[in-house]
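So the chains spell out like this:
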Amino acid sequence: MSDHDFVTASISDLGPLIHERKLSPVEITRWHLDRISKLNGSLNAFLTVLADEAIIQAGTAQNEIAHGHYRGALHGIPIALKDIIAVKGVRMTCGSRILGDHLSTRDATVVGRLREAGAVLLGTLHLHEFAWGATSINPHFGNARNPWNPDRIPGGSSGGSAAAVAASMAMATLGTDTGGSVRIPSSLCGTTGLKPTYGRVSRYGAMALSWTMDKAGPMCRSVEDCAIVFNAIYGSDGRDETVVDAPFAWNAHVPLSSLKIGYVESEFNPSTGSGQALRERRGGGGRGGGLGGRGLGGGGGSPFNFGNETSHRYNLTLSVSARNLLNNVNYAPPIGNLNSPIFGTSNALAGPPFSSGSANRRIDLQMLFSF
């Protein structure tokens, strides 16, 4: 295959060639490692490259396939992971110098499942410090850059994950999404990202930012590739109790014209729906109460050596009282009647991030910063 073929190919393109032994996992892995060597200096998408390990894994996949043991669409496919997901024996920095020398002692569930699927791990990827931002500007490891224009940001916090796919440095990547960290960089880099529904993919072995909002999902070149990766990682593992066992079915041949997206009309009404709730959130409550300036600085003798931006955000969380948090946080409230016909007549449900402001507010956010 030519360079152009590799650059534009998807998993669904290469998987059958690998299966039929027309394309070697070692060949495709070496091509991607060479691509990383050429481009990472300017894009800074990878924080750790596992070149030797990747070649060994590719050789194992090639040998298995040659002996008739083909594991499926990800067998021999080079992938990479956001550096917030644990890989046994590999450093996991979470984008911060605080964990600059931390070595993971176990594989995250999603890593174990990708290994079982026969994927080849190329390395770990750049991110906004502790996934707490949307730019991937990082004071510790330098800034990740957008492959379409290196003077632009790739978005974040999974900026390296999107940049690596857009630049054909990996066939697929994993990111995490709390408030847009898969969707934002996918949009800015022109890739396809899937933020799974909460409770579909185990977060075991991934750093927690917000326990009730964190999701791990694939970032790829196509919707079908995202479906292939998701099919390998979803489902209960007995370690993340939020994960439910629910089936997943993907049919790439269903015409889009046959699908219907439903929405709750009142939620899009700026005077009665989420617009009103958003105005209430912005107008209600203040910063008061709090811990009286007991902030955690970003340098000097502080044991919390955050970069300035993350330090500022952490200090803000300390200045918000529990009363104000309870009065103002209204994330992911119930849609209402789950027996509504809309669920039976729609393939997907669209809605804004905030619901109408009701007296009975549901708290679905825990900003618990876990190391």
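Look above for the structure.
Trainee: Honestly, the environment of Ser-42 in this entry has me stumped. Any pointers?
Mentor: Here Ser-42 is to be found in helix 3 (residues 25–43). What makes Ser-42 partly exposed here is its relative accessible area of 39%. Looking at Ser-42, its side chain comes within polar contact range of the main-chain oxygen of Leu-39, at 3.0 Å.

Trainee: Teacher, can you tell me more about the nonpolar core here?
Mentor: The tendency in soluble globular proteins is for nonpolar side chains to be buried as a group. Counting residues in each nonpolar core, the largest one holds 49 residues, and the members touching the most others are Leu-74 and Leu-114. Looking at which element gives the most residues to this core, the answer is helix 8 (residues 223–233), with 6 residues. In this structure Leu-74 touches Ile-11, Leu-114, Ala-117, Gly-118, Ala-119, Ile-228, Val-229 and Ala-232, once residues within four positions along its chain are discounted. In this structure, Leu-33, Leu-43, Ala-164 and Ala-170 belong to the second largest nonpolar core, which totals 17 residues.

Trainee: Looking at this model, I keep getting lost on the pattern of salt bridges. Mind explaining?
Mentor: A pair can form between side chains of opposite charge whenever their charged atoms are brought close. Using the criterion set out here, one finds 6 salt bridges in the structure. Note that Lys-22 and Glu-20 form a salt bridge whose closest N and O atoms lie 3.2 Å from each other. Since its relative accessible area comes to 63%, Lys-22 is described here as exposed. A salt bridge links Asp-107 to Arg-115; the shortest N-O distance between them is 2.8 Å.

Trainee: Teacher, can you tell me more about the side chain of Thr-109 here?
Mentor: Relative to the helices and strands, Thr-109 resides in helix 5 (residues 109–116). Residue Thr-109 is classed as buried on the basis of its relative accessible area, which comes to 8%. Beyond its immediate sequence surroundings of up to four residues, Thr-109 is in contact with Ser-202, Tyr-204, Asp-237 and Arg-239.

Trainee: Teacher, can you tell me more about the packing of aromatic side chains here?
Mentor: Inspection of the entire model under this criterion finds 4 aromatic pairs. Taking 5.0 Å as the distance between ring centres and 35 degrees as the angle between the ring planes, the aromatic pair formed by Phe-6 and Trp-31 counts as tilted. Within this pair, whereas Phe-6 is found in helix 1 (residues 3–8), its partner Trp-31 is found in helix 3, the two being separated by 25 residues in sequence. Per residue, the accessibility class of Phe-6 equals that of Trp-31, and both read buried.

Trainee: I keep staring at helix 5 and nothing clicks. Help me out?
Mentor: Turning to helix 5, its buried residues are Thr-109, Val-110, Val-111, Arg-113 and Leu-114. Residues of helix 5 that are buried sit in contact with strand 2 (78–82), strand 4 (172–177) and helix 8. Positive backbone phi, at 90 degrees, marks Gly-118, one or two positions downstream of helix 5.

Trainee: Looking at this structure, how should I read the environment of Arg-203?
Mentor: Within the element layout of this structure, Arg-203 appears in the loop between strand 5 (192–193) and strand 6 (215–220). We classify Arg-203 as buried; its relative accessible area is 18%. Taking the C-alpha atoms as reference points, Arg-203 and Val-110, separated by 93 residues in sequence, lie 7.8 Å from one another. Setting aside anything within four residues of it in sequence, one finds Arg-203 in contact with Tyr-198, Trp-211, Asp-214, Asp-240 and Thr-242. Within the structure, Arg-203 has its side chain in polar contact with the side chain of Asp-240 (distance 2.8 Å). Polar side-chain contacts of Arg-203 include one of 3.4 Å to the side chain of Thr-242.

Trainee: Sorry, what's going on with the side chain of His-32 here?
Mentor: Structurally, the position occupied by His-32 is in helix 3. A polar contact is formed between the side chain of His-32 and the backbone oxygen of Ile-28, at a distance of 2.9 Å. His-32 has contacts with Pro-78, Leu-122, Ser-168, Met-169, Ala-170, Met-171 and Arg-221, leaving out every residue within four places of it along the chain.

Trainee: Sorry if this is basic, but what is going on with the sheet that holds strand 4 here?
Mentor: Sheet strands associate in pairs through backbone hydrogen bonding, adopting either a parallel or an antiparallel arrangement. One open sheet holds the 6 strands; their spatial order is 1-3-2-4-6-5, and the pairing between them is mixed. The open sheet terminates on both sides in strands that have one partner only, identified here as strand 1 (46–49) and strand 5. The pairing of strand 2 with strand 4 spans 3 bridges and is classified as parallel. Bridging from a neighbouring strand, Ile-79 pairs with Ala-172 of strand 4.

Trainee: What should I look at first to understand unusual backbone geometry in this one?
Mentor: Among all residues save glycine, negative phi is the norm, and among peptide bonds the norm is trans. Residues Gly-156 and Ser-157 are joined by a peptide bond in cis, for which omega reads 10 degrees. With respect to the helices, strands and loops of the structure, Ser-157 is situated in the loop between strand 3 (120–125) and helix 6 (159–166). Notably, Asn-44 is not glycine yet its phi reads approximately 55 degrees, a positive angle. With respect to the helices, strands and loops of the structure, Asn-44 is situated in the loop between helix 3 and strand 1. The buried category is assigned to Asn-44, whose relative accessible area is 17%. Here Ala-131, not a glycine, exhibits a phi torsion of approximately 60 degrees, which is positive. Residue position: Ala-131 is located in the loop between strand 3 and helix 6.

Parameters and conventions
- Residues numbered from 1 in each chain as written.
- Predicted model: local features only at pLDDT ≥ 70, side-chain atom pairs only at ≥ 80, totals over all residues.
- Heavy atoms only, no water.
- Helix = DSSP H or I, 4+ residues; strand = E, 2+ residues; numbered from the N terminus.
- Buried < 20%, exposed > 50% of the residue type's maximum accessible area, 1.4 Å probe, protein only.
- Polar contact = N/O pair within 3.5 Å; in protein donor to acceptor, adjacent residues only side chain to side chain.
- Core = buried A, V, L, I, M, F, W, Y, C linked by side-chain atoms within 4.5 Å.
- Contact = heavy atoms within 4.5 Å.
- Salt bridge = Lys/Arg side-chain N within 4 Å of Asp/Glu carboxyl O.
- Phe/Tyr/Trp six-rings, centres within 6.5 Å; stacked < 30°, edge-to-face > 60°.
- Pairing = 2+ DSSP bridges.

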